[in-house]
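# Reading the structure
Here's the letter readout for the chains.
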Amino acid sequence: MTKNTFTKISDLKNHVQKQVTLAGWLYNSRSSGKIQFIIIRDGSGLCQCIVEKNNVPENLFDKIKHLGQESSLTVTGTVRQDERSIGGYELDLTNAKIISETTDYPITPKSHGIDFLLKNRHLHLRSQRQWCIGKIRHTIINAIRNFFNQNDFTLIDTPIFTTAAGEEADSLFEVDYFGTPIHLTQTGQLHLESAAMSFGKVYCFGPTFRAEKSKTRRHLTEFWMVEPEIAFIDLDGLLELAENFTAYIVEQVLNKNKEQLNTLNVNTKSLEKITPPFDRLTYTDTVDILKGEKAKKFLSNQLENLKEQKQNLLSRIEELENELKQPLKKWKKEKFDAELIELNSTLSELDTKIENNPKHAKLAEQFQWGKDLGGSDETIISQMHEKPVFVTHYPKHAKAFYMKEDSENKNVVQNFDMLAPAGFGEIIGGSMREDHYQTLLKRIKEQKLDPANYDWYLDLRKYGSVPHGGFGLGIERTIAWLTQQKHIRQCIPFPRLMDKIYI
Ligand code: 4AD
C-alpha cells in the first residue's frame, strides 16, 4: 500500500463519474437478490456501494454477501452523485479486495446497553456516534488553540505532579513520589499565575484529575481543561473574554461539523443563538430567582411539559409493541426493537425528571444565601436561559482561597461560573485572584491549608503583584453541551469514572 493510493470518502465530490478505490471497513450491508448495498466507512465518512452480480468478478458477489461487519477491505468503482444516499455519493462497485475478514463483531447496529458499550469502547469508537463526537472534539480543541494563539496568548505547559492543592483538598489524587506523597494536578492555575507575571497573557491546556466522589453525568476523574490567565485585567474583562471565546468555539463547530451535528440530531438553531453578550447575574440575584415566583412557575410548567412528553412516548411504545406482535421482516423487527429500547430508556429518564422536579423545586425554594449552588440549582437557572449565563460574586467562604475579595462587599468574591443553557450547567469557572500578600495568607490559613506549601505562590504577591485573573473551561462538558449528550462519558475517548475504568 503506497501513500495517496486511496480516495477518501470525504473527497468523493471531486471524483464524480470517475473510478476510485476506497480503503476501509464494512459498516453495514443488506442484500436484495442480485443486488447488494454495502456501506463502507474509512474514517472520513460513510459511502454506500452498489454491488451488482453482473458487474463484479465471479465469486466476489458471494464473498461480499457473507462478509462480516467490520471486515477490512478496499473497494473500486465509479462515483455517482445521489442526494438520497448517505453522504450524497454512491459507488457502483466493480471490484473489491478483502484485507481481513471479521466474524461475529460484537457491536451490531441494534441497540446495546451502555455498560456493554463502555466495556467495548476500543471497538465502539468506530460507531457513528463516537466518530461524530470525536470529530467535534477535534474541532473544539483546534478552535481553543486558534483563539488563544490569535489573541497573543502564550501556551505554558504546567506540571501534572504538584505539591500544592489548587481546588478542594478532598478531590486530590495522591501519588507516591519516591516516598513523598504529592498529587496529580487539579488545575494548572497556580503555576500559570506565575507565568502570567512573565508573559502577560498565557494559557495551559491539559489533563486534569479530580478524586471527586461524584457519579453524576457531569463528572469524570480525568478530564481536559483549558485555562487562560491574564495580568492586568478585571472581572468585566474576564467575562468578555469568556463569552467571545465560547461564541468562537460554537461558531467553529457550526462551520466545520454540520454533517456530524445532523447525524447526532443536534438542534443547530439553538447553537446559532450563542452570540455575545451573555446574561450576567450575581449569585445574590440567582438566589432571589431560585426562591421566587419565576422559578416556581418555570418548574411547574416544566412538570406539565414532561408529563405530556411521557404520554406521547407511552402511545408510541404501545404502537410499536402492537406492531411487533405482527409477523415482520427481520430488518423491520430489528428496527422496531432498537426504537423500543431507545424509547424505554427515554421513558425512564423522563420518569426520573418527573420524580425530581418537585424535589428540585423544594431545594430551590429553601435555598439559603451562603451555600454553593448545587447541581439542581444550576440546572434550573441554565434551563431558564437560551444562551450561556454568568453567575458572579459568590459567597467568599464557599469558594477557593485564591479568589479575590470584592472591594464593595467583603462577603463575596470576584468570581464567576458560566452555565451552558438548556440545563447543561457549568462549563467555565473563573475569578480574579487575590493579589494582596496579607489577605491571601489569611485566606490560606482560614481554609486550613499549610502556608509552607504556598511559599512560591505567595512570592508572586511580594514581587510586583498586579490585578490578574483567569478561568478554566472543561472540554468534555463543552462537548456534551454542543453535541447534546446526556453524559460526559461519551465525550472523551476513554472515560475515567469514579466507579469504573473500563479499558
Ligand atoms: O470550576 P473549576 O474547579 O475551576 C478551576 O479549576 C479553576 N482553577 C480554573 C481557573 O480559574 N483557571 O473547574 C473549571 C471547569 C468546570 O467549569 C468544568 O467545566 C470542568 O472544569 N470540571 C470538570 N469536568 C469534568 N469532570 C469534573 N470532575 C470536573 N470538574 C471541573
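Note that the structure is a prediction, hence the values are computed from the model and not measured.

### A word on the sheet that holds strand β3 (residues 46-52)
- Pairing in this closed barrel of 5 strands is mixed, and the strands run β1-β2-β3-β5-β4 around the ring. The sheet shows a mean angle of 55 degrees between the axes of neighbouring strands, direction not considered.
- With 10 bridges joining them, strand β4 (residues 72-81) and strand β5 (residues 89-100) adopt antiparallel strand pairing. Residue V79 lies in a different strand from β5, and its bridge partner there is L91.

### Observations regarding the pairing of strand β10 (residues 201-209)
- β10 sits mainly inside the fold: 7 of its 9 residues count as buried.
- Pairing between strand β6 (residues 154-155) and β10: 2 bridges, direction parallel. Counterpart to T154 in the pairing with β10 is V202.
- Looking at chain direction, β10 and strand β11 (residues 222-231) are connected through 9 bridges and run antiparallel. Within β11, the position partnered with Y203 by the bridge is P228.

### Quick look at the site of the ligand
- Inspection of the region around the ligand gives 24 residues, with E167, Q189, R210, E227 and E426 positioned closest.
- Between F471 and the ligand, the recorded distance is 3.5 Å, taken from a backbone N or O atom to a nitrogen atom.
- At 3.2 Å, a backbone N or O of G474 approaches an oxygen atom of the ligand.
- Summarising the interface, the protein chains cover 94% of the accessible area of the ligand, which totals 630 Å² for the free molecule.
- Elements with a minimum of two residues in the shell around the ligand: β11, β15 (425-432) and β16 (468-474).
- In terms of residue count, the dominant contributor to the shell around the ligand is β15 (5 residues).
- Across the shell around the ligand, the residue classes tally to 8 nonpolar, 8 polar and 8 charged.

### Here we look at the packing of aromatic side chains
- Across all of its chains, the model carries 20 aromatic pairs by this definition.
- A centroid spacing of 5.6 Å and a plane angle of 80 degrees characterise the contact between F390 and F416, whose relative ring orientation is edge-to-face. Residue F390 is located in strand β13 (residues 389-392), and its partner F416 is located in strand β14 (residues 415-420); the two are separated by 26 residues in the primary sequence. F416 carries the same exposure label as F390, and that label is buried.
- Geometrically, the ring pair formed by F401 and Y454 is edge-to-face, given 5.1 Å between the ring centres and 65 degrees between the ring planes.

### Some points on the domain arrangement of the protein chain
- Taken as a whole, the protein chain is organised into domain 1 (9-100), domain 2 (108-275 + 467-503) and domain 3 (287-368).
- Averaged C-alpha coordinates put domain 2 and domain 3 at centres separated by 29 Å.

Cut-offs used in this document
For every chain, the first residue of its written sequence is number 1, and the numbers climb from 1 along that sequence. At least 70 in pLDDT is required for a residue's local features to be given in this predicted model, at least 80 for side-chain atom pairs to be given and counted, and no such filter applies to totals for whole chains, interfaces and linings, which use all residues. As a rule here, side-chain values cover all heavy atoms of the structure and leave hydrogens and water aside. Two strands form a pair only when DSSP identifies at least two bridges running between them. Comment: elements are numbered from the N terminus, with helices defined as DSSP H or I runs of at least four residues and strands as E runs of at least two. For helices, the fitted line uses only the C-alpha atoms of the stretch in contact; every axis is such a line through C-alpha atoms, and the angle between N-to-C directions lies from 0 to 180 degrees. Each residue is assigned to one of three classes by its accessible area relative to the maximum for its type, calculated with a 1.4 Å probe on protein chains only: buried under 20%, partly exposed between the two thresholds, exposed over 50%. For this purpose, a residue is taken to be near a molecule or strand whenever a single non-hydrogen atom of the residue falls within 4 Å of it. Any N or O atom pair separated by 3.5 Å or less is treated as a polar contact, with the protein-specific requirement of one donor-capable and one acceptor-capable atom, and with residues adjacent in sequence counted only for side-chain atom pairs. Residue burial considers only the protein chains on display, and all accessible areas are found by Shrake-Rupley using a 1.4 Å probe. When residue character is reported, Ala, Val, Leu, Ile, Met, Phe, Trp, Tyr, Cys and Pro are called nonpolar, Asp, Glu, Lys and Arg charged, and the others, Gly included, polar. Pairing of aromatic side chains here covers Phe, Tyr and the six-membered ring of Trp, requires ring centres within 6.5 Å, and sorts the geometry by plane angle: under 30 degrees stacked, over 60 edge-to-face, intermediate tilted. The source of the domain bounds is an automatic or database domain assignment.

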